[in-house]
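# Examining the three-dimensional arrangement
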Amino acid sequence: MDLDDIAARLGVPVEDVNRVHRLAGDSPSAPLPAKADAPAILARLAVPPDDVAEIMAGWPDPGSALWTPELRWLLDRSIALVRADLGGHGWLSPGPELPRERGPAWRHLYVYGYLALVGVVIDYHRDHGIADAVSWATLADLGRNLAVDRRMHGQGRPVMQSWLTLHTRGSVYELGRLQYQRGDSTIDLHVPEAGPITPQLVAASLEEARAFFPRHFPDERYTAFSCGSWLLDPQLLEYLPENSNIARFQRRFALDPYEEPEGLDADVEVLRFVFRTLTTPLDQLPRRTVLQRAVVDHLKADRHWHWRRGRFPLQRTADR
């Protein structure tokens, strides 16, 4: 099969297939875990039962009629593509978005890739002295994202696929309430969907991170924590109490000058994270919390949310 044929059979642009082929190069792939071990691994990755059932039903057994040659090629080369950048921290798509309605092999192809890379990245963690507890807490973001994707009826899948390659390359670590992404001179903060971001939980997580990165990546020099998020939009303070968790989180950061982010719609991102829907009309969205009411009222007033980036020094400062 040539690349044009693979693209045609997958129903994706040939440029996407060429990209996978180019980035994977001659890099080795990695095998999936044994099928008998998969349920226990999926449980450790916090994958919800409905998704476990689908993943097991679509398992790429040898000779499975679900797995066409082009799907097997894409799975193998996608794994190789991600593995080739082990230790990297840039945004990386594992491959083209596939038509999910064609069955579990199509719907979960990149999940199988993730499973194949679990052993690879855990070995990478161990080489850096990282405890298995941190590894599994970090990698369990797969289950969290699959649950969100199911709630969103697949609307969040392309973002999820690229985001999760950070975990399997050893870039992202979950330390308490926050996730941390290695960078060049800064460590990027991410806020997973895991309950309130109280000042106490944030402070404890930051303390853990301040010890974690010098211990496990001593050759890397970081000067600041940074974050890019709608959570840092000062417009939120027009609606939220000054002692709210979001307001107190914002006050940790000195904001960079505002620039319209290329390829990112902050209104869409706010709806994605606050309501987990991109298709529900504003009048039908819930208004149970102050934040939900703020988001809806702001958009109904023909105003827009902003994606802001800020930072604060790595060394300890007074809690706010």
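Heads up: these notes are all about the structure in this document. (Residues numbered from 1 in each chain as written. Predicted model: local features only at pLDDT ≥ 70, side-chain atom pairs only at ≥ 80, totals over all residues. Heavy atoms only, no water.)

### Focus: the overall build of the chain
- Each helix and strand counted, the chain has 14 helices and six strands in total.
- Relative to the globule expectation of 20 Å for 320 residues, the C-alpha radius of gyration of the chain, 21 Å, shows essentially globular dimensions.
- Considered along the principal axes of its C-alpha atoms, the chain spans approximately 60 × 50 × 35 Å.
- When the 320 residues of the chain are sorted by exposure, 52% land in the buried category.
- Partitioning the contacts of the chain with sequence separation of at least 6, the portion at a separation of at least 24 is 72%.
- Only carbon and sulfur atoms are counted for the fraction: they give 53% of the accessible area of the chain, which is about 14800 Å². (Helix = DSSP H or I, 4+ residues; strand = E, 2+ residues; numbered from the N terminus. Rg over C-alpha atoms; globule rule 2.2 N^0.38 Å. Buried < 20%, exposed > 50% of the residue type's maximum accessible area, 1.4 Å probe, protein only. Contact = heavy atoms within 4.5 Å. Areas by Shrake-Rupley, 256 points an atom, 1.4 Å probe, with all protein chains shown as cover.)

### Overview of the side chain of D149
- In this structure, D149 sits in helix 9 (residues 141–151).
- Residue classification places D149 among the buried residues on the basis of a relative accessible area of 3%.
- A distance of 2.9 Å separates the side chain of D149 from the side chain of R100, its partner in a polar contact. (Polar contact = N/O pair within 3.5 Å; in protein donor to acceptor, adjacent residues only side chain to side chain.)

### Side note on the pairing of strand 2 (residues 178–181)
- Going residue by residue along strand 2, you find L178 and Y180 tucked away on one face and Q179 and Q181 tucked away on the opposite face as well.
- Between the end of strand 1 (residues 172–175) and the start of strand 2, which pair antiparallel, lie two residues, with G176 showing a positive phi angle near 70°.
- One ladder, built from three bridges, connects strand 2 with strand 3 (residues 186–190); its direction is antiparallel. Within the sheet, the bridge partner assigned to Y180 lies in strand 3 and is L189.
- Between strand 2 and strand 3, which follow one another and run antiparallel, lie four residues. (Pairing = 2+ DSSP bridges.)

### Regarding the nonpolar core
- Counting residues in each nonpolar core, the largest one holds 51 residues, and the members touching the most others are L10, L45, I55 and L98.
- By residue number, the principal contributor to this core is helix 7 (residues 109–127), which donates 12 residues.
- Residues contacting L45, with those up to four places away along its chain left out, are Y114, L115, V118, W136, L139, A140, L142 and G143.
- Core analysis: the next-biggest nonpolar cluster, separate from the first, contains 40 residues, L206, F213, F253 and L299 among them. (Core = buried A, V, L, I, M, F, W, Y, C linked by side-chain atoms within 4.5 Å.)

### Side note on the packing of aromatic side chains
- The tally for this structure, following the rule as stated, stands at 14 aromatic pairs.
- With a centroid separation of 5.2 Å and an interplanar angle of 50°, the aromatic rings of Y173 and F212 are classed as tilted. Residue Y173 is located in strand 1, and its partner F212 is located in helix 11 (residues 199–216); the two are separated by 39 residues in the primary sequence. Just as Y173 is buried, F212 falls in that class too.
- With a centroid separation of 6.2 Å and an interplanar angle of 65°, the aromatic rings of Y180 and F213 are classed as edge-to-face. With Y180 in strand 2 and F213 in helix 11, this residue pair connects regions lying 33 residues apart in the sequence. (Phe/Tyr/Trp six-rings, centres within 6.5 Å; stacked < 30°, edge-to-face > 60°.)

### Here we look at the pattern of salt bridges
- Using the criterion set out here, one finds 21 salt bridges in the structure.
- When the shortest N-O distance is used, the salt bridge between R150 and E54 registers 3.6 Å. One end of the pair, R150, is in helix 9; the other, E54, is in helix 4 (residues 49–57), with 96 residues separating them in the sequence.
- By relative accessible area, R150 is classed as partly exposed at 34%.
- Looking at E54, the relative accessible area reads 23%, which means it is partly exposed.
- The residue R303 makes a salt bridge to E238 at a minimum N-O spacing of 3.0 Å. Of this pair, R303 sits in the loop between helix 14 (290–300) and strand 6 (308–313) while E238 sits in the loop between strand 4 (224–229) and helix 12 (245–250), and the two are 65 residues apart along the sequence.
- Overlapping salt bridges, with partners in common, bring together D51, E54, R107 and R150 in one network. (Salt bridge = Lys/Arg side-chain N within 4 Å of Asp/Glu carboxyl O.)

### Quick notes on the pairing of strand 4
- Of all six residues in strand 4, six are buried; the element is thus mostly enclosed.
- Across the two faces of strand 4 the burial is the same, with A224, S226 and G228 and F225, C227 and S229 all buried.
- Bridge analysis of strand 3 against strand 4 gives three bridges, and the strand direction is parallel. Counted as the bridge partner of T186 is A224 from strand 4.
- For strand 4 and strand 6, the ladder comprises six bridges, and the chain directions are antiparallel. By the bridge assignment for strand 6, C227 is matched with G310.

### Concerning the side chain of S78
- With respect to the element layout, S78 can be found in helix 5 (residues 69–83).
- Setting aside its immediate chain neighbours within four residues, S78 contacts V20, P94 and Y110.

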